[in-house]
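The lines below spell out each chain.
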Amino acid sequence: MMKHEIRGVYAITPDTMDTETLINKSRLVLTGGVSVLQYRNKHRDQALRLEQASSLKALCDEFSIPLIINDDISLAAEVGAAGVHLGKDDRALANARSELGSTAVVGISCYNQLSLARKAADEGASYVAFGAVFSSSTKPDAVNAPLSLFQQAKIIPVPVVAIGGITSVNALQVIQAGADAIAMISALFDAIDPLANSHQLSDLFR
């Protein structure tokens, strides 16, 4: 498995049962310069999730972009994804390494806790994520991660991803605060022009 750099615009897919629209919009945001795509779908339909994840894996391979699966280590292994993103209620990082291999991308949500990020990095995480940076409709009850946290996190030897309420308006502020990557759902997939938004946001890292 090739090594992937976690930097730039990190797209997270919206929950949807419409596979065709999901793939079409994902193609647009990847064309616009997104550097990572995470498949996130909380529906319980395993056949649908496998179908969508498999289709996204083929699309990401076309663009040489890593596909990260949210929460589900087994699904990541089944479709040959680049890795998995884990939260506090998911299985341990060691389980992901055991099932996906030592070179897989394993990201860890650390909310607003620098100590969690240090621990995750020490245990072999590929990247850590802080958020919500701003209020988010996806997770309205998420803890707040202040922008100052990203400067404090410079001591952590892995990339730091910002998530939560990041838009075209506030994205540069987050990048200037020290985030290596910005994770976004609505700003890309709900945009009137996903391709243009993806270009605009990706250009902020250039």
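See above for the structure.
Residues numbered from 1 in each chain as written. Predicted model: local features only at pLDDT ≥ 70, side-chain atom pairs only at ≥ 80, totals over all residues. Heavy atoms only, no water.

K.L.:
Mind showing me how you'd approach the environment of N144 here?
P.N.:
Following the sequence through the fold, N144 ends up in the loop between β6 (127-130) and α6 (148-152). Judged by relative accessible area, which is 47%, N144 ranks as partly exposed. Setting aside anything within four residues of it in sequence, one finds N144 in contact with N112, A132 and V133. Polar side-chain contacts of N144 include one of 3.3 Å to the backbone oxygen of V133. (Helix = DSSP H or I, 4+ residues; strand = E, 2+ residues; numbered from the N terminus. Buried < 20%, exposed > 50% of the residue type's maximum accessible area, 1.4 Å probe, protein only. Contact = heavy atoms within 4.5 Å. Polar contact = N/O pair within 3.5 Å; in protein donor to acceptor, adjacent residues only side chain to side chain.)

K.L.:
What is the right way to look at the sheet that holds strand β8 (residues 181-184) in this model?
P.N.:
Paired through backbone hydrogen bonds, the strands of a sheet run either parallel or antiparallel to each other. With respect to topology, eight strands assemble into a closed barrel ordered β1-β2-β3-β4-β5-β6-β7-β8, the strand pairing being parallel. Adjacent strand axes in the sheet meet at a mean angle of 25 degrees, parallel and antiparallel pairs treated alike. With four bridges joining them, strand β1 (residues 8-12) and β8 adopt parallel strand pairing. Pairing of A11 across the sheet is with M184, part of β8. (Pairing = 2+ DSSP bridges. Axes fitted to C-alpha atoms, helices over the stretch in contact; angles between N-to-C directions.)

K.L.:
Looking at this structure, I do not really get the nonpolar core. What am I missing?
P.N.:
General note: in soluble globular proteins, nonpolar side chains tend to be found buried as a group. Ranked by internal contacts, the top residues of the largest apolar core, which has 58 residues, are I69, F130 and L188. When sequence neighbours within four positions are dropped, the list of residues in contact with L188 reads V9, A11, V29, V34, P194, N197, S198 and L201. (Core = buried A, V, L, I, M, F, W, Y, C linked by side-chain atoms within 4.5 Å.)

K.L.:
What's the story with the pattern of salt bridges in this structure? I'm lost.
P.N.:
A side chain with one charge can pair with a side chain of the opposite charge if their charged atoms come near. This structure, assessed with the given rule, holds seven salt bridges. Between K42 and D71 there is a salt bridge; the shortest N-O distance is 2.3 Å. A residue pair is termed long-range when its members are at least 10 positions apart, and K42 in the loop between β2 (36-39) and α2 (46-63) and D71 in the loop between β3 (67-70) and α3 (73-79) qualify at 29 residues. The exposure class of K42 is partly exposed, given its relative accessible area of 43%. Relative accessible area serves as the criterion here: at 25%, D71 is assigned to the partly exposed category. One salt bridge connects K119 with E123, and the closest N-O pair in it is separated by 2.8 Å. The exposure class of K119 is partly exposed, given its relative accessible area of 47%. (Salt bridge = Lys/Arg side-chain N within 4 Å of Asp/Glu carboxyl O.)

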